[in-house]
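Descriptive structure summary
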Amino acid sequence: MYDVIIIGGGLGYAAAIVLSKAGKKVALIEKNLNHLGGTCLHNGCIPSKNLLHRAKTVLESSEDVFNKAALSLEKLQEKIKSIIDSHTKAVTSQLKAAGVELIEGEGFVVDDGVEVNGKILKSEFIIIADGSSPRIPEGIEVDKKHIITSKEALEFTKIPKEISIYGSGAIGLEMASLFAARGSRVNLIYRHEHISKKFPQNITEKLEKQLKAIGVNLMPNSTITEAKTQNSKVICKINDKEFKTPYLLIATGRVPNTGIVKTEKIKIEKGIVTDEYFQTTMPKVFAVGDCNGKLLLAHAARAGALNVRSEERRVGKE
């Protein structure tokens, strides 16, 4: 019997450490312990910001340096991998030092506890921190080779001569800037007149001007209804017209992971439904981070996990 079981080794690890140090018996379930730290560390914030920093350096350099920098991506990826490995080891060490029990396996919330590796584990409290996955629009067939997500894009060891990006949110804009700065011909495809409906018009116009200045080909008012790979080429249907590209990066947002829930006691809508304290419709079960669909950002996940630590004490007194 545990005091708290946390499912998901992303930023849920922060709650695990704090709770364990507070004297609770805590188990953290993660299907791949080499992925502790989650998407932000391994497939998002850390690699993307390292690459973007280098891209900015390239833009500020001469043409000769630009060409040399473009050829150094493989070495840069090795350096980023070293950083990620170091951070993962640090997270693992912190968890073990705090006394958190690490369980490798795929955990599911069921009526009477948490099911993992064929066993049912009991706990007074459960925290779901299962993150999110890329949103793939209907009609697009991701093969992870030519039609890819940001995960595969961040793992490139060679700069493609041309890449098309579908979506102009944070991921799409980051990837467009990164590849354009590295010398790729970038087609940025998006459904609306401007790259964003959230920013003030003057900021949006400046962003569009800056993207054009670094060579990004803006393709507004464009909707992809079909995309599949044929003979190492991506064939897209955009506004009923055929469009070909070597690579298509899907950057149309992310969706909460809810498959972890195997009980009808927990309500699911766009994400796992919670109250303002992140408690689900199942008593003493909380959902933090991307999986609740409230705010799909790493710092929000961490804040939610630490907030639940306080709520765990509140609920325990009721």
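As the structure is a prediction and not an experimental result, all values here were calculated from the model. Per-chain numbering applies: the sequence of each chain, read as written, is numbered from 1 onward. Reporting of local features is limited, given that this is a predicted model, to residues whose pLDDT is at least 70; pairs of side-chain atoms are given and counted only at 80 or more, and all residues count toward the totals for whole chains, interfaces and linings. Only hydrogens and water are set aside when side-chain values are computed; all heavy atoms of the structure are taken into account.

1. Notes on the sheet that holds strand S7 (residues 123–128)
Cut-off, in case you're wondering: Any two strands with at least two DSSP bridges between them are considered paired. Runs of E in the DSSP output that reach at least two residues are strands. Runs of H or I that reach at least four are helices, and both are numbered from the N terminus. For helices, the fitted axis covers only the stretch in contact; all axes are lines through C-alpha atoms, and the angles between them, taken along N-to-C directions, range from 0 to 180 degrees. Residue contacts are defined here by distance: any two heavy atoms, one from each residue, within 4.5 Å place the two residues in contact.
Pairing is parallel across the open sheet formed by five strands, whose spatial order is S3-S2-S1-S7-S18. Edge positions in the sheet fall to strand S3 (101–104) and strand S18 (285–287), since each of these pairs with one other strand and no more. In this sheet, adjacent strand axes meet at a mean angle of 20° when their direction is disregarded. In the sheet, strand S1 (residues 2–7) pairs with S7 via five bridges, with the strands oriented parallel. What sits directly across from Ile 6, in S7, is Ile 127. Along the sheet, helix H1 (residues 12–21) makes contact with S1, strand S2 (26–30) and S7, crossing S1 at roughly 165°.

2. Some remarks on the packing of H1 against helix H5 (residues 73–98)
The description of two helices packed together rests on the angle between their axes and the distance between the axes. Worth spelling out the cut-off: Our angle categories are set so that under 35 degrees counts as roughly parallel, over 145 as roughly antiparallel, 65 to 115 as roughly perpendicular, and the remainder as oblique. In a left-handed crossing the near helix is turned counterclockwise from the far helix by less than a right angle, and in a right-handed crossing that turn is clockwise.
Put simply, H1 and H5 touch, their axes get as near as 9 Å, and they point 25° apart. Considering their axes alone, H1 and H5 lie roughly parallel with respect to each other. When you trace H1 past H5, the crossing you get is left-handed. Here H1 contributes Tyr 13, Ala 16, Ile 17, Ser 20 and Lys 21 to the contact with H5, which in turn contributes Val 91, Gln 94, Leu 95 and Ala 98.

3. Considerations on the side chain of Ser 150
How we decide: Categorising residues by exposure relies on relative accessible area from a 1.4 Å probe, with only protein chains included: less than 20% of the type maximum marks a residue as buried, more than 50% marks it as exposed, and the intermediate range marks it as partly exposed.
Here Ser 150 shows up in helix H6 (residues 150–153). Using a relative accessible area of 11% as the deciding quantity, one classes Ser 150 as buried.

4. Thoughts on the packing of aromatic side chains
To keep it simple, the criterion reads: When two rings of Phe, Tyr or Trp (its six-membered ring) have centres within 6.5 Å they constitute a pair, described as stacked for plane angles under 30 degrees, edge-to-face for angles over 60, and tilted for the intermediate range. In this analysis the charged atom, NZ for Lys or CZ for Arg, is taken to sit over a ring once it is within 6 Å of the ring centre and within 35 degrees of the ring normal.
Going through the model one piece at a time under the given rule, you end up with two aromatic pairs. Pairing Phe 156 with Phe 179 gives two aromatic rings, centres 5.8 Å apart and planes at 65°, and the pair type is edge-to-face. Of this pair, Phe 156 sits in the loop between H6 and strand S10 (162–166) while Phe 179 is found in helix H7 (residues 170–181), placing the two residues 23 residues apart along the sequence. Residue class for Phe 179 comes out buried when judged on its relative accessible area of 2%. With 5.4 Å between their ring centres and 65° between their planes, Phe 156 and Tyr 247 make a pair best called edge-to-face. Of the two residues, Phe 156 is situated in the loop between H6 and S10 and Tyr 247 in the loop between strand S15 (241–245) and strand S16 (248–250); the sequence distance between them amounts to 91 residues. The exposure class assigned to Tyr 247 is partly exposed, which follows from its relative accessible area of 23%. Chaining the aromatic ring pairs together yields one cluster made of Phe 156, Phe 179 and Tyr 247. Against the face of Tyr 2 rests Lys 25, its NZ or CZ located 5.1 Å from the ring centre. Between Lys 284 and the ring centre of Phe 125, over which it is positioned, the NZ or CZ distance is 5.3 Å.

5. Brief notes about the sheet that holds strand S11 (residues 185–189)
As summarised here, the arrangement of the five strands in space is S9-S16-S10-S11-S12, forming an open sheet in which the pairing is parallel. With one partner strand each, in any of the chains shown, strand S9 (147–148) and strand S12 (216–219) form the two edges of the open sheet. Direction of pairing for S10 relative to S11: parallel, over a ladder of five bridges. Note that in S11 the partner of Ile 165 across the bridge is Leu 188. Packed on one face of the sheet, H7 meets S10, S11, S12 and S16 and runs near 165° to S11. Contacts between helix H8 (residues 201–213) and the sheet are confined to S11 and S12, with S12 contributing the most and set at about 130° to the helix.

6. Describing H8
Quick reminder of the rule: Every helix has an expected span of 1.5 Å times one less than the residues it contains. As used here, the arc belongs to the directions running from the helix axis to the C-beta atoms.
Helix length check: H8 (13 residues) gives 18 Å between terminal C-alpha atoms against 18 Å at 1.5 Å per residue, within 8%. Residues Thr 204, Glu 208 and Leu 211 constitute the buried set of H8. Looking straight down H8, one finds that the buried residues subtend no more than 65° of arc, so they occupy a single side. Facing away from the buried surface of H8 by more than 90 degrees, the exposed residues are Lys 206, Lys 209, Gln 210 and Ala 213.

7. Points about the environment of Asn 239
Here is the rule we go by: The definition of a polar contact used here is a pair of N or O atoms within 3.5 Å, where within protein one atom must be able to donate a hydrogen and the other to accept one, and adjacent residues in sequence count solely through side-chain atom pairs.
For Asn 239, the position within the fold is in the loop between strand S14 (233–238) and S15. Separated by 15 residues in sequence, Asn 239 and Ile 224 have C-alpha atoms that sit 6.8 Å apart. If sequence neighbours within four positions are ignored, Asn 239 has contacts with Asn 221, Ser 222 and Thr 223. Of the polar contacts made by the side chain of Asn 239, one reaches the backbone nitrogen of Thr 223; its length is 3.1 Å.

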